[in-house]
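Analysis of the macromolecular model
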Amino acid sequence: MPARALGLPVRSPAPNLPERVTIWEVGPRDGLQNEPNTVPVEVKLEFLDRLAGSGLTVLEATSFVHPKWVPQLADAEQLLAGLDRRPGVRYPVLVPNERGLDRALAAGVRHIAIFASATETFAGRNLNRTLDEQFAMFDPVVSRARAEGLDVRGYVSMCFGDPWEGPVDPAQVVAVGTRLLGMGCAQLSLGDTIGVATAGQVEALLGAFRSAGTDIDALAVHFHDTYGQALANTLAALRQGVTTVDSSAGGLGGCPYAESATGNLATEDLVWLLDGLGVHTGVDLDRLADTSAWMAQRLGRPSPSRVVRALRG
Ligand code: HMG
Ligand code: MG
C-alpha cells in the first residue's frame, strides 16, 4: 500500500532510542532567511501560528542580525510585535552581538541563540570575525543575556565539513563547543551547515564531546539535507542519546553565507520517522503537512520534503 493511502507510518518501536524528542523548529528562521524573496510579515506570523497549532513547542522565530546581511529577516521587530505567543511555546531568536541583544531585549525576547563557527573561513564569511574574535563578540552577549534571565543556546556551524576548508576535525568542533558551554550556553546545536555529514561522523563527534566530559543532554543536532543524509544522521544521534533535533517545516532552509547549503531536515520527514519508532514528539503530522503545503503555495514552489509530497502531492 503506498504511503499516500496509509497517511501515517506503521508504529514499530526499536531499542536504544529516547522516549521523547524535542523538535526545535527552525523553518521561520533558517528556512526563510534563504528565500530569494522576502516573505511578508503577515505570512510569517501565520506560519508561526500554524506551526504552534501543529504541536511544535520550540519555534525559532527570526534573527536580530544586521539587516543588510540578511534582508529577509529585517522585519524582526515587526514580527515580534505581532507575535501571538502561545502558552507552552518558546520563540528563540538568533543574536550575533550586543546590538542584536539590545534589539531582542527591546522586543521582549526570552530565548536567544548565538551562532559560532568551527572553522576560520566561515567565521569570516558569516560573522566578519576571526575564529578567536567570534568569542569576544559572543561573551558579553551570553553574560548579559544570562543576567537578564534569558535562556541561551549556542550553535556550532560547519561541524563536519566546510566548503572552503574541507573535512573538519572533531577536536576543533569540541574546542569551539566547549568554549560556548563554558560561557554559559545551556545547549549546543551541532550544525552540518552544508549537509555533507554521514552517520559515522555523527557518532564520532558525539563520542568526542562525551570524551571531553560534555553531557549528551546538552547537545542538539542540526542537519541540512543536501546529500540526503539528514534522517540517517538523526537516527545515529538519537542512538547516542540526543533528544533535541532541529528541523524545518517542509524542508525549507539554507545559509546565505555557506556555499552549497540547501534545506534543513524536513520536520515532516523527522516526525514520520519518530512516529514510526513510537518516539513521542507531540506533533500532529497531518496539521504540519497542511502548514507546509500552505507555505509552499505562498512561496510558489513545491515543498522539498518527501513526506509532504507523499501526503499532499
Ligand atoms: P559587521 O559588519 O562586522 O558589524 O557585521 P559591526 O559590528 O562592524 O557593525 C557595523 C554596523 O552594523 C554598526 O552600525 C552596527 O551598529 C550595525 P554603524 O555604527 O556603522 O551605524 N550592526 C547591527 N545592526 C543591527 N543589528 C545587529 C547589528 N550588528 C551590527 N545585530 C555581524 C557583523 C555579526 C553583525 C554580521 O556579520 C551579521 O549580521 N551576520 C549574520 C549572518 C547570518 O545571519 N547568517 C545566517 C545565520 S547562521 C546559520 O544559518 C547557521 C545555522 O543555521 C547553523 C548551521 O546550519 O550550521 C545557525
Ligand atoms: Mg542551519
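Reading guide: rules and limits
- Residues numbered from 1 in each chain as written.
- Chains lettered and ligands numbered in written order.
- Predicted model: local features only at pLDDT ≥ 70, side-chain atom pairs only at ≥ 80, totals over all residues.
- Heavy atoms only, no water.
- Pairing = 2+ DSSP bridges.
- Helix = DSSP H or I, 4+ residues; strand = E, 2+ residues; numbered from the N terminus.
- Contact = heavy atoms within 4.5 Å.
- Axes fitted to C-alpha atoms, helices over the stretch in contact; angles between N-to-C directions.
- Salt bridge = Lys/Arg side-chain N within 4 Å of Asp/Glu carboxyl O.
- Buried < 20%, exposed > 50% of the residue type's maximum accessible area, 1.4 Å probe, protein only.
- Donors = N, O, S within 2.8 Å, 3.2 Å for Na, K, Ca; no water.
- Domains from an automatic or database assignment.
- Buried area = accessible area lost by both parts, 1.4 Å probe.
- Polar contact = N/O pair within 3.5 Å; in protein donor to acceptor, adjacent residues only side chain to side chain.
- Nonpolar A, V, L, I, M, F, W, Y, C, P; charged D, E, K, R; others polar.
- Near = heavy atom within 4 Å.
- Areas by Shrake-Rupley, 256 points an atom, 1.4 Å probe, with all protein chains shown as cover.

1. Side note on the sheet that holds strand S9 (residues 187-192)
One open sheet accounts for 9 strands, arranged S2-S1-S11-S10-S9-S6-S5-S4-S3; its pairing is parallel. Here the strands that pair on one side only, and so sit at the sheet edges, are strand S2 (58-59) and strand S3 (62-63). Pairing analysis gives 7 bridges linking strand S5 (residues 111-117) to strand S6 (residues 151-157), with the strands arranged parallel. Pairing of His 111 across the sheet is with Asp 151, part of S6. The strands touched by helix H7 (residues 131-147) within the sheet are S5 and S6, with S5 carrying the most contacts at an inclination of about 170°.

2. Overview of the pattern of salt bridges
Evaluation of the coordinates by the stated rule reveals 13 salt bridges. Residue Arg 29 pairs with Glu 60 through a salt bridge whose shortest N-O separation is 2.6 Å. Here Glu 60 lies in the loop between S2 and S3 and Arg 29 lies in helix H2 (residues 27-31), a separation of 31 residues in the sequence. Summarising the burial analysis for this pair, Arg 29 and Glu 60 share the class buried. Among the ionic pairs, Asp 102 bridges to Arg 144, the shortest N-O distance being 2.7 Å. Of the two residues, Asp 102 sits in helix H5 (residues 98-106) while Arg 144 sits in helix H7, which places them 42 residues apart along the sequence. Here Asp 102 falls in the partly exposed class, since its relative accessible area comes to 37%. One continuous salt-bridge network, built from bridges that share partners, spans Arg 29, Asp 30 and Glu 60.

3. Considerations on the coordination of the magnesium ion (ligand 2)
Around the magnesium ion (ligand 2), the protein supplies Asp 30 (OD), His 222 (NE2) and His 224 (NE2) as donor atoms, at distances of 2.1 to 2.3 Å. For the magnesium ion (ligand 2), the single-chain donor residues occur in sequence as D-x191-H-x1-H. Linking Asp 30 in helix H2 with His 224 in the loop between strand S10 (219-223) and helix H10 (230-239), this pair joins segments that are 194 residues apart in sequence. Across the pair, His 224 and Asp 30 agree in class, each one buried.

4. Structural notes on the pairing of S9
S9 sits mainly inside the fold: 6 of its 6 residues count as buried. Side chains Gln 187, Ser 189 and Gly 191 project from S9 onto one buried face, and the interleaved Leu 188, Leu 190 and Asp 192 project onto a second face that is buried too. Across 4 bridges, the pairing between S6 and S9 is parallel. Along S9, the bridge assignment pairs Arg 153 with Gln 187. One ladder, built from 5 bridges, connects S9 with S10; its direction is parallel. Within S10, the position partnered with Gly 191 by the bridge is His 222.

5. With respect to the domain arrangement of the protein
As assigned here, the protein comprises domain 1 (34-92) and domain 2 (110-240). When each unit is reduced to the centre of its C-alpha atoms, the spacing between domain 1 and domain 2 is 22 Å. Between domain 1 and domain 2, the contact holds 6 residues from the first and 10 residues from the second. Carbon and sulfur atoms supply 61% of the area that domain 1 and domain 2 bury against each other, a total of about 510 Å² over both sides. Inspection of the domain 1/domain 2 interface yields 0 salt bridges. Inspection of the region where domain 1 meets domain 2 yields 1 residue pair in polar contact (both at pLDDT 80 or more). Class assignment for the residues of the side of domain 1 that touches domain 2 results in 4 nonpolar, no polar and 2 charged.

6. Some points on the site of ligand 1
Near ligand 1, the surroundings consist of 27 residues, among which Gln 33, Asn 97, Arg 129, Ser 157 and Thr 193 are the closest. One nitrogen or oxygen atom from the main chain of Phe 64 is found 3.0 Å from a nitrogen atom belonging to ligand 1. Bound to the protein, ligand 1 loses 76% of the 1100 Å² it would expose on its own. Within the residue set of the shell around ligand 1, elements represented by two or more residues are H2, H5, helix H6 (120-127) and S6. Counting residues per element, the shell around ligand 1 draws most heavily on H5, which supplies 3 residues. Per-class residue counts for the shell around ligand 1 are 11 nonpolar, 11 polar and 5 charged. For the shell around ligand 1, the two domains that each supply at least three residues are domain 1 (34-92) and domain 2 (110-240).

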